[in-house]
Amino acid sequence: MTNDLQEIHEECGVFGVFGVANAASLSYYGLHALQHRGQEAAGIVCVDENGQFSRVKGEGLVTEVFNVKNLSTLSGSSAIAHVRYATAGGGGLDNVQPFLFHHHKGNFALCHNGNLVNSNEIKYYLEERGSIFQSTSDTELLAHLVRSSRMRGDNFHDDPVHPLLGPIRSALNMIEGAFAFLVLTPDALYVMRDKYGLRPLSLGKLNGGYVVSSETCALETIGADFIRDVEPGEVLVIDAEGLHSCKYSAFNHHYMCAMEYVYFARPDSDIEGINVHAYRKQSGRILYKESPVEADIVVGVPDSSLSAAMGYSEESGIPYEMGLIKNKYIGRTFIQPTQDLREKGVRMKLSAVRTIVKGKKVVMIDDSIVRGTTSRRIVKLLREAGATEVHVRIASPPYAHPCYYGVDTATYEELISSQLSVEELCMKIGADSLHFLSHKGLYESGNRCELCTACFSGNYPTSLYDNECKKC
Ligand code: AMP
Ligand code: SF4
């Protein structure tokens, strides 16, 4: 089976400011705090008091895209900003967000995190009605849907105070999937989260204005006070009058992406009231209860597995040791688009500390196994450094199904847990033993009743439309 996903699959971060001086600088710091969510491209759009939009965007890290000179071209007290991580096929400057749309009824800027599952259907629907697309992005689809809403004659009437609200609610009711969308007009910031609650989005307050961010760590960075999370299915309008909230859907679930807790989010972020570090630590405790082992030291794979390793160590009483060191100046291995580059990436990224692991029975904790490259390489590193036994414990269940909600996790073929049993995988990575956290443990770690766990269970919270055929 070859089934390269054709659309862009983005795992991104969004940040927005309304009514706070120096919105561009705040956005720059906000994006910096969200850098872990996307290292391929970044952009900021500002709007000033005369309704003039300005934009800087480019490919690369936040510090590479922005400088004092280009930031000074962005003026105004409102902005939206974006960091992107796109897989092969989704790159190029044309696809770098935020997008800016010019329309006789008013210009607006738009950015989003997530992935729509019915984008092909929507694209076909819009093209049949005369739309022509410049990019392959879901973001552009939403812009066209918003502007064509009047032609649909649905029940979402124009609100004279918030003219885009009706069209936006109408558009959101046509799309399906995971998203956190920000729309900026000269007078308002519209903020929306998908009705399943798949992607995180938080609201904060700063100097009399408002700030929104994919993660609370960015609110903390700029000194904003956290107010609350944006609710699934909620549309917030922030303007000179303050905050106005309504729902585009009455569907009421909180299927937060489990991988946000397991891997993506920064440990200092709180997602739906649960601190990410605390979640991971608890998952490590549960992992020990579910799969104990006798060993001399617990070693976590930096950085995302350190919290789970601490939990495993505390619960087991086995000392936690810094047996692996990360070179901080190398990006995440996944960024490398080919397997060969990814393999090299792992080698450049991590070293085992010989004096610590030599002669020891090691429990190595990692947050997840996706393609299997990282674990195999790390087990080898630890053995080469003199570990006598390497027992691998993974703080999530086997990742056996692709994600269609904006996380690049490739195809069934590439997902090692969809190809091999746990015993076979243990042999493949060369470990003495291998165990994964249970599905129940995923929920218990955050005391949650609902989560999206589709990549572990195959139970997708939404319909998959034509993505379903990619299962083959
Ligand atoms: P591998 O098994 O070699 O594909 O890599 C798994 C490692 O990549 C895990 O230890 C995670 O830290 C990290 N990881 C898991 N999911 C993703 C993802 N969607 N994007 C980037 N890195 C990921
Ligand atoms: Fe997150 Fe997995 Fe659900 Fe995708 S399928 S949203 S990665 S939990």
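Residues numbered from 1 in each chain as written. Chains lettered and ligands numbered in written order. Predicted model: local features only at pLDDT ≥ 70, side-chain atom pairs only at ≥ 80, totals over all residues. Heavy atoms only, no water.

Around ligand 2, the neighbouring residues are Arg199, Cys257, Ala258, Met259, Tyr399, Cys403, Tyr405, Val407, Cys452, Ala454 and Cys455. For the shell around ligand 2, the secondary structure elements donating two or more residues are α9 (258–264) and α18 (454–457). Here the shell around ligand 2 is built from residues that sort into 10 nonpolar, no polar and 1 charged. (Near = heavy atom within 4 Å. Helix = DSSP H or I, 4+ residues; strand = E, 2+ residues; numbered from the N terminus. Nonpolar A, V, L, I, M, F, W, Y, C, P; charged D, E, K, R; others polar.)

Taken over all residues, the pLDDT of the protein has a mean of 90, while the share at 70 or more is 89%. Every residue in residues 1–9 is under pLDDT 50, and counting partners more than four places away or in other chains gives 27 contacts. (pLDDT = per-residue confidence, 0-100. Contact = heavy atoms within 4.5 Å.)

Further remarks concern unusual backbone geometry. Backbone torsion omega between Gln97 and Pro98 reads -5°, so that peptide bond is classified as cis. With respect to the helices and strands, the residue Pro98 is situated in the loop between β4 (78–84) and β5 (99–101). Here the amide bond leading from Pro302 into Asp303 is cis, since omega sits at -5°, within 30 degrees of zero. Positionally, Asp303 belongs in the loop between β16 (297–300) and α11 (306–316). In this structure, Asn22 takes a positive phi of about 55° despite not being glycine. Tracing the backbone through its elements, the reader meets Asn22 in the loop between β1 (13–18) and α1 (23–33). Of note in the backbone geometry, Asn447 takes a positive phi value of approximately 55° without being a glycine. Here Asn447 shows up in the loop between α17 (439–445) and α18.

Within strand β10 (residues 209–213), 5 of the 5 residues are buried, leaving the element largely enclosed by the surrounding structure. The alternating pattern of β10 places Gly209, Val211 and Ser213 and Tyr210 and Val212 on opposite faces, both of which are buried. The pairing of β1 with β10 spans 4 bridges and is antiparallel. Residue Phe15 lies in a different strand from β10, and its bridge partner there is Ser213. Looking at chain direction, strand β9 (residues 202–206) and β10 are connected through 5 bridges and run antiparallel. (Buried < 20%, exposed > 50% of the residue type's maximum accessible area, 1.4 Å probe, protein only. Pairing = 2+ DSSP bridges.)

Looking now at the side chain of His36. Tracing the backbone through its elements, the reader meets His36 in the loop between α1 and β2 (41–47). The exposure class assigned to His36 is buried, which follows from its relative accessible area of 12%. From its side chain, His36 meets the backbone oxygen of Ala33 in a polar contact 3.3 Å long. (Polar contact = N/O pair within 3.5 Å; in protein donor to acceptor, adjacent residues only side chain to side chain.)

Near ligand 1, the surroundings consist of 19 residues, among which Asp366, Val370, Arg371, Gly372 and Thr374 are the closest. Note that an oxygen atom of ligand 1 is positioned 3.3 Å from one of the backbone N or O atoms of Ser368. Backbone polar atom of Arg371 to an oxygen atom of ligand 1: 2.6 Å apart, as the coordinates give it. Protein contacts shield 95% of the accessible area of ligand 1, which totals 500 Å² for the unbound molecule. For the shell around ligand 1, the elements supplying multiple residues, two or more each, are α9 and α14 (373–384). With 3 residues, α9 is the largest single contributor of residues to the shell around ligand 1. Class assignment of the residues belonging to the shell around ligand 1 gives a composition of 8 nonpolar, 6 polar and 5 charged. (Areas by Shrake-Rupley, 256 points an atom, 1.4 Å probe, with all protein chains shown as cover.)

In spatial order, the strands read β5-β6-β7-β8-β12-β13; together these 6 strands make up an open sheet with antiparallel pairing. Two strands lie at the open edges of the sheet, namely β5 and β13 (242–247), each paired on one side alone. Across the sheet, the mean angle separating the axes of adjacent strands is 20° when strand polarity is ignored. Sheet topology places strand β7 (residues 177–184) next to strand β8 (residues 188–193); 5 bridges connect them, and they run antiparallel. Looking at the pairing, Val183 lines up with Tyr190 of β8. Strands in contact with helix α7 (residues 165–172) are β7, β8, β12 (234–239) and β13; relative to β12, the strand with the most contacts, it is inclined by about 155°. (Axes fitted to C-alpha atoms, helices over the stretch in contact; angles between N-to-C directions.)

This part takes up the environment of Asp408. Among the structural elements, Asp408 can be located in the loop between β20 (389–394) and α15 (416–419). Spatially, the C-alpha atom of Asp408 lies 8.8 Å from that of Tyr85, the residues being 323 residues apart in sequence.

Turning our eyes to something else, we now look at the packing of helix α5 (residues 138–147) against α7. At a minimum axis distance of 8 Å, the contact between α5 and α7 shows a crossing angle of 125°. Judged by the inter-axis angle, α5 sits oblique to α7. In terms of crossing hand, the pair formed by α5 and α7 is right-handed. Contacts from Leu142, Leu145 and Val146 of α5 reach α7 at Pro167, Ile168, Ala171 and Leu172. Taken together, the residues that form the contact of α5 with α7 break down as 7 nonpolar, no polar and no charged. (Parallel < 35°, antiparallel > 145°, perpendicular 65-115°, else oblique. Left-handed = near helix turned anticlockwise from the far one by under 90°.)

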